[in-house]
Amino acid sequence: LAELYRTQGQHAQAEPLYKRSLTIREKALGSEHPTVATSLESMAALFRNTNREEEAGALEKRAAAIRAIKR
């Protein structure tokens, strides 16, 4: 649902859903799981859409670190 909201430009509705999804996935799978990286990348896309470049970069960096661990 968060992704749908993001693609429709409904950023305010998308952000809390992305955050909730990330929290649930971290708790269920651990903070270094590839699915957590996917959530981080999705939230980074939202932040880029809303000109929050610094926050997006931080999330992308964290996602890249997770992906590097899992190789």
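Residues numbered from 1 in each chain as written. Predicted model: local features only at pLDDT ≥ 70, side-chain atom pairs only at ≥ 80, totals over all residues. Heavy atoms only, no water.

Caption draft 1: Molecular detail of helix α3 (residues 34–49). In this model, α3 (16 residues) spans 23 Å end to end at C-alpha, consistent with the 22 Å of a helix rising 1.5 Å per residue. Buried residues of α3: V36, A37, S39, L40, M43, A44, L46 and F47, and no others. Along its buried surface, α3 packs onto α1 (2–7), α2 (11–29) and α4 (53–69). Looking one or two places after α3, you find N51, whose phi comes out positive at around 60°. (Helix = DSSP H or I, 4+ residues; strand = E, 2+ residues; numbered from the N terminus. Expected span 1.5 Å × (residues − 1). Buried < 20%, exposed > 50% of the residue type's maximum accessible area, 1.4 Å probe, protein only. Contact = heavy atoms within 4.5 Å.)

Caption draft 2: Seen up close, the pattern of salt bridges. For the structure on display, the rule yields eight salt bridges. Two residues, E15 and K19, come together in a salt bridge whose shortest N-O distance is 2.9 Å. With E15 and K19 both in helix α2 and four residues apart, the pair spans about one turn of that helix. Since its relative accessible area comes to 16%, E15 is described here as buried. Connected through shared salt-bridge partners, E15, K19, R52 and E55 make up one network. (Salt bridge = Lys/Arg side-chain N within 4 Å of Asp/Glu carboxyl O.)

Caption draft 3: Just the environment of R20, in detail. Within the secondary structure, R20 is located in helix α2. Assessed through its relative accessible area of 57%, R20 is described here as exposed. It is 13 Å that separates the C-alpha atoms of R20 and E3, two residues lying 17 residues apart in sequence.

Caption draft 4: Molecular detail of the packing of α2 against α3. Where α2 contacts α3, the two axes come as close as 9 Å, and the packing angle between them is 160°. Taken together, the axis directions place α2 and α3 in an arrangement best described as roughly antiparallel. Crossing geometry of α2 relative to α3 is assigned as left-handed. Here H11, A14, E15, Y18, K19, S21, L22, R25, E26 and L29 of α2 come into contact with α3, specifically with T35, V36, S39, L40, S42, M43, L46, F47 and N49. (Axes fitted to C-alpha atoms, helices over the stretch in contact; angles between N-to-C directions. Parallel < 35°, antiparallel > 145°, perpendicular 65-115°, else oblique. Left-handed = near helix turned anticlockwise from the far one by under 90°.)

Caption draft 5: How the structure looks around the packing of α3 against α4. Look at α3 against α4: their axes get within 8 Å of each other, and the N-to-C directions meet at 160°. Of the possible angle classes, the one that applies to α3 and α4 is roughly antiparallel. When the axes of α3 and α4 are compared, the crossing they make is left-handed. Contacts between α3 and α4 involve P34, V36, A37, T38, L40, E41, M43, A44, F47 and R48 on the former and, on the latter, E53, E55, A56, G57, L59, E60, R62, A63, I66 and R67. The residue inventory of the contact of α3 with α4, partitioned by class, reads eleven nonpolar, two polar and seven charged. (Nonpolar A, V, L, I, M, F, W, Y, C, P; charged D, E, K, R; others polar.)

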